[in-house]
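Survey of secondary and tertiary structure
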Amino acid sequence: MLLHTIKEVREQVKQWKKEGLTVGLVPTMGALHEGHLSLIQKAVSQCDKVVVSIFVNPIQFCPGEDLDKYPRTLEADTKLCQDAGVSVVFAPTPAEMYGEREMRTNDFLTYVIPPFFHVHKLCGKSRVGHFDGVCTVVNKLFNIVQADRAYFGEKDAQQLSIIRKMVEDLNIPIEIVPCPIIREESGLALSSRNKYLSAEDKVHALALYQILNNIKLCYKKGVTDVQALKETAIFILNEHHDLEYLEFLDDKDLEEVTEANDNTRVFIACKVGGVRLIDNMLLG
Ligand code: PAF
């Protein structure tokens, strides 16, 4: 069932709750691929009813980002959801989510601001305000759907960590379920933005996975010095890669580490053919 209004979703969920059914939420921005499908399948296997939200959230895009050209494929997405056993696809307009006046200027909107410590690193450094937009919309979706569980991919590990922190800090009664990264056979992590890559870019994009894999191999052989591990990337990067960051952080609290251990997650962001790609890997 495709619903566009908050009221309709609320009524539907209220009915399910009356029947004692558990509800799962998979928040997405659409352009669904196998990665999203894995989240949806997990939700369907664990909950009686599943809501997938499809909303290209304007307030999490920074100036100059791809808000206008972000892929919008609602028809195909709805079909994929139906085939996967999703009960409701919630696809609101920006005005439905934020109100007409709130959409015109930020001055009227209440924001959820995640902690500086978690935000001011990795993607947050170049995407100023991005995680404010993510936390605000995710908090709204939690309030609208009132699901028992919500599913997020480890592909966006910083986002996952920030959402967990928000849930803890604001005592939001929901269980956050992490889902592993899904990769193409080549190793490239699935992303809606892969659609922008040419065939040649795709070959160069493999560097992200190769770097992470190499680092993990070296770590498994006993190298723990982060500087030494970082330097292994030099052999893979070339003029086709515009590296934004390669960081080693504690998986839980995103604290920087200098000696890697099993709880260290390696994060990489790199532009290939003008497309910004991210990937990460836990060393343990
Ligand atoms: O990961 C995403 O696709 C988005 O950031 C999310 C969580 C759906 C919020 O808009």
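Refer to the structure presented above.
Quick summary incoming for the structure in this document. What you are looking at is a predicted structure, and each value in this text was computed from that prediction instead of being measured.

**A few points about the site of the ligand**
Every residue close to the ligand is listed here: Pro27, Thr28, Met29, Asn57, Gln60, Val134, Val137, Val138, Phe152, Asp156 and Gln159. Here an oxygen atom of the ligand sits 2.6 Å away from a polar atom, N or O, in the side chain of glutamine 60. Between glutamine 159 and the ligand, the recorded distance is 2.7 Å, taken from a side-chain N or O atom to an oxygen atom. Relative to its unbound accessible area of 290 Å², the ligand is 88% covered by the protein chains. Listed by contribution, the elements that provide at least two residues to the shell around the ligand are strand S2 (23-28) and helix H8 (130-145).

**Here's the deal with the layout of surface pockets**
By volume, the second largest pocket is sized at about 300 Å³. Forming the boundary of the second largest pocket are 15 residues, of which Ser161, Arg164, Asp251, Lys252 and Asp253 lie nearest the centre. Mapped onto the lining of the second largest pocket, the elements with two or more residues apiece are helix H9 (157-169) and strand S8 (264-272). Per-element tally for the lining of the second largest pocket: the top contributor is H9, with 6 residues.

**A word on empty space enclosed by the protein**
Tallying each qualifying case throughout the model produces 1 cavity of 30 Å³ or more. In this structure, the largest cavity occupies an estimated 60 Å³ of space. What lines the largest cavity is simply Lys155, Gly187, Leu188, Ala189, Ser191, Asn194, Ala205, Leu208, Tyr209, Leu277, Ile278 and Asp279. Within the residue set of the lining of the largest cavity, elements represented by two or more residues are helix H10 (199-220) and strand S9 (275-282). The residue makeup of the lining of the largest cavity, split by class, is 7 nonpolar, 3 polar and 2 charged.

**Quick look at helix H3 (residues 74-83)**
Residues Asp77, Thr78 and Cys81 constitute the buried set of H3. Summarising the axial view, the buried residues of H3 lie within an arc of 100°, below the 170-degree limit, and thus occupy one face. In H3, the exposed residues that point more than 90 degrees away from the buried face are Glu75 and Asp83. Against the buried residues of H3 lie strand S1 (2-3), helix H2 (34-46), strand S3 (49-54) and strand S4 (88-90). Remark: glycine 85 follows H3 within two positions and exhibits a positive phi of approximately 90°.

**Examining the sheet that holds S3**
The strand order S1-S4-S3-S2-S5-S6 describes an open sheet built from 6 strands, whose pairing is parallel. Of all the strands in the sheet, just S1 and strand S6 (175-179) have a single pairing partner and so form its edges. Two elements, S2 and S3, share 6 bridges in a ladder whose sense is parallel. Note on S3: the bridge partner recorded for threonine 28 is isoleucine 54. Helix-sheet contacts for H2 involve S2, S3, strand S5 (149-153) and S6, and the interaxial angle to S5 is about 155°. H9 contacts S5 and S6 of the sheet and is inclined by roughly 170° relative to S6.

About the thresholds
Residues numbered from 1 in each chain as written. Predicted model: local features only at pLDDT ≥ 70, side-chain atom pairs only at ≥ 80, totals over all residues. Heavy atoms only, no water. Near = heavy atom within 4 Å. Polar contact = N/O pair within 3.5 Å; in protein donor to acceptor, adjacent residues only side chain to side chain. Areas by Shrake-Rupley, 256 points an atom, 1.4 Å probe, with all protein chains shown as cover. Helix = DSSP H or I, 4+ residues; strand = E, 2+ residues; numbered from the N terminus. 1 Å grid on protein atoms, 1.4 Å probe; cavity = no way out; pocket = protein on both sides within 12 Å on 5 of 7 lines; lining within 4 Å. Points joined across faces, edges and corners; volume = space filled by probe spheres on them. Nonpolar A, V, L, I, M, F, W, Y, C, P; charged D, E, K, R; others polar. Buried < 20%, exposed > 50% of the residue type's maximum accessible area, 1.4 Å probe, protein only. Arc of directions from axis to C-beta. Contact = heavy atoms within 4.5 Å. Pairing = 2+ DSSP bridges. Axes fitted to C-alpha atoms, helices over the stretch in contact; angles between N-to-C directions.

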